[in-house]
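Here is how the chains run, residue by residue.
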Amino acid sequence: MSFIAGTGSAVTSAAKAILSKKVLDGKSLGENLTPANMFAVLSILGFCAILPVSLALEGPAKASAAWSAALAAGYTTPYLLKLLACSGFLYYIYNEVAFLALAEVAPVTHAVTNTVKRVVIILASILVFKTTITPLGAAGSAITVAGALLYALAKNKYK
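Just so it is clear, the model here is predicted, and its values are computed rather than measured.

### Comments concerning the overall build of the protein
Reasoning step 1: Within the protein, the secondary structure is distributed over six helices and zero strands.
Reasoning step 2: Element order for the protein, N to C, with α for helix and β for strand: α-α-α-α-α-α.
Reasoning step 3: Overall, the protein is about 60 × 50 × 25 Å in size when its C-alpha atoms are taken along their principal axes.
Reasoning step 4: Classification of the 159 residues of the protein by burial places 13% in the buried group.
Reasoning step 5: Of the contacts formed within the protein by residues at least 6 apart in sequence, a portion of 59% connects residues at least 24 apart.
Reasoning step 6: Of the roughly 11600 Å² that the protein leaves accessible, carbon and sulfur atoms contribute 75%.

### What to know about the packing of helix α4 (residues 77-102) against helix α5 (residues 107-129)
Reasoning step 1: Close contact between α4 and α5 brings their axes to 10 Å; oriented N to C, the two are set at 145 degrees. Two secondary-structure elements touch here, α4 through Y94, A98, A101 and L102 and α5 through P107, H110, N114 and K117.
Reasoning step 2: Here the residues of the contact of α4 with α5 sort into five nonpolar, two polar and one charged.

### Section: helix α2 (residues 35-57)
Reasoning step 1: The end-to-end C-alpha separation of α2 is 32 Å, in line with the 33 Å expected for 23 residues at 1.5 Å each.
Reasoning step 2: The sharpest bend along α2 measures roughly 30 degrees and falls at I50, with the proline P52 sitting one to four residues further on.
Reasoning step 3: Of the residues flanking the end of α2, it is G59, one or two places downstream, whose phi is positive at about 75 degrees.

### With respect to the packing of aromatic side chains
Reasoning step 1: Considering all chains together, one arrives at two aromatic pairs under this definition.
Reasoning step 2: Where Y75 meets Y79, the ring centres are 5.8 Å apart and the plane angle is 5 degrees; that geometry is what we call stacked.
Reasoning step 3: A residue is classified by how much of its surface remains accessible, and Y79, at 36% relative accessible area, is partly exposed.
Reasoning step 4: Between the aromatic rings of Y91 and Y94, the centroid separation amounts to 5.8 Å while the plane-to-plane angle is 40 degrees, which identifies the pairing as tilted. Of this pair, Y91 and Y94 both sit in helix α4, three residues apart, roughly one helical turn.
Reasoning step 5: On the accessibility criterion, Y91 (53% relative accessible area) is exposed.

### Things to note about the environment of T134
Reasoning step 1: With respect to the helices and strands, T134 occurs in the loop between α5 and α6 (135-157).
Reasoning step 2: In this structure the C-alpha to C-alpha distance between T134 and A101, which are 33 residues apart in sequence, comes to 32 Å.
Reasoning step 3: From its side chain, T134 meets the backbone nitrogen of G137 in a polar contact 3.0 Å long.

### Remarks on the confidence of the model for the protein
Reasoning step 1: With 92% of its residues at a pLDDT of at least 70, the protein reaches an overall mean of 81.
Reasoning step 2: For the protein, per-element mean pLDDT is lowest for helix α1 (residues 2-24), which scores 73, and highest for helix α3 (residues 59-72), which scores 92.

About the thresholds
- Residues numbered from 1 in each chain as written.
- Predicted model: local features only at pLDDT ≥ 70, side-chain atom pairs only at ≥ 80, totals over all residues.
- Heavy atoms only, no water.
- Helix = DSSP H or I, 4+ residues; strand = E, 2+ residues; numbered from the N terminus.
- Buried < 20%, exposed > 50% of the residue type's maximum accessible area, 1.4 Å probe, protein only.
- Contact = heavy atoms within 4.5 Å.
- Areas by Shrake-Rupley, 256 points an atom, 1.4 Å probe, with all protein chains shown as cover.
- Axes fitted to C-alpha atoms, helices over the stretch in contact; angles between N-to-C directions.
- Nonpolar A, V, L, I, M, F, W, Y, C, P; charged D, E, K, R; others polar.
- Expected span 1.5 Å × (residues − 1).
- Bend = angle between axes of the 7 residues up to and from the residue.
- Phe/Tyr/Trp six-rings, centres within 6.5 Å; stacked < 30°, edge-to-face > 60°.
- Polar contact = N/O pair within 3.5 Å; in protein donor to acceptor, adjacent residues only side chain to side chain.
- pLDDT = per-residue confidence, 0-100.

Here it is as structure tokens:
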């Protein structure tokens, strides 16, 4: 199930990048529709699209149970709200910067960079947090790095 979810995430992320790049490429977006504003609109539309699915799959009962478990673990409601707000803000900013970078590079370059970024995060978590990695995880990271390297070499060769 996690492989299917991960693959689905990668495919939809790449599709968003390609479609957004087509809209951003050389055309006037209008008076107020900058790449940053476009990202905000896409984020709102994405939230509206995923909310019904999230509620159907998870339901309010699971969210309430998770909140209760956090409170039982000693966290306060204001602290949890602060963590949620901070996490949401930082994730939004991270994605907006990625979207603005997309306006400057090709979609494939953006996708490869995003994939390599994930490997760097995995490696950093292994080094900093002493996270163990399975042989399959190591193989996947190696394949990703090799693929990014081959892409860069091929791109330089056929410039």
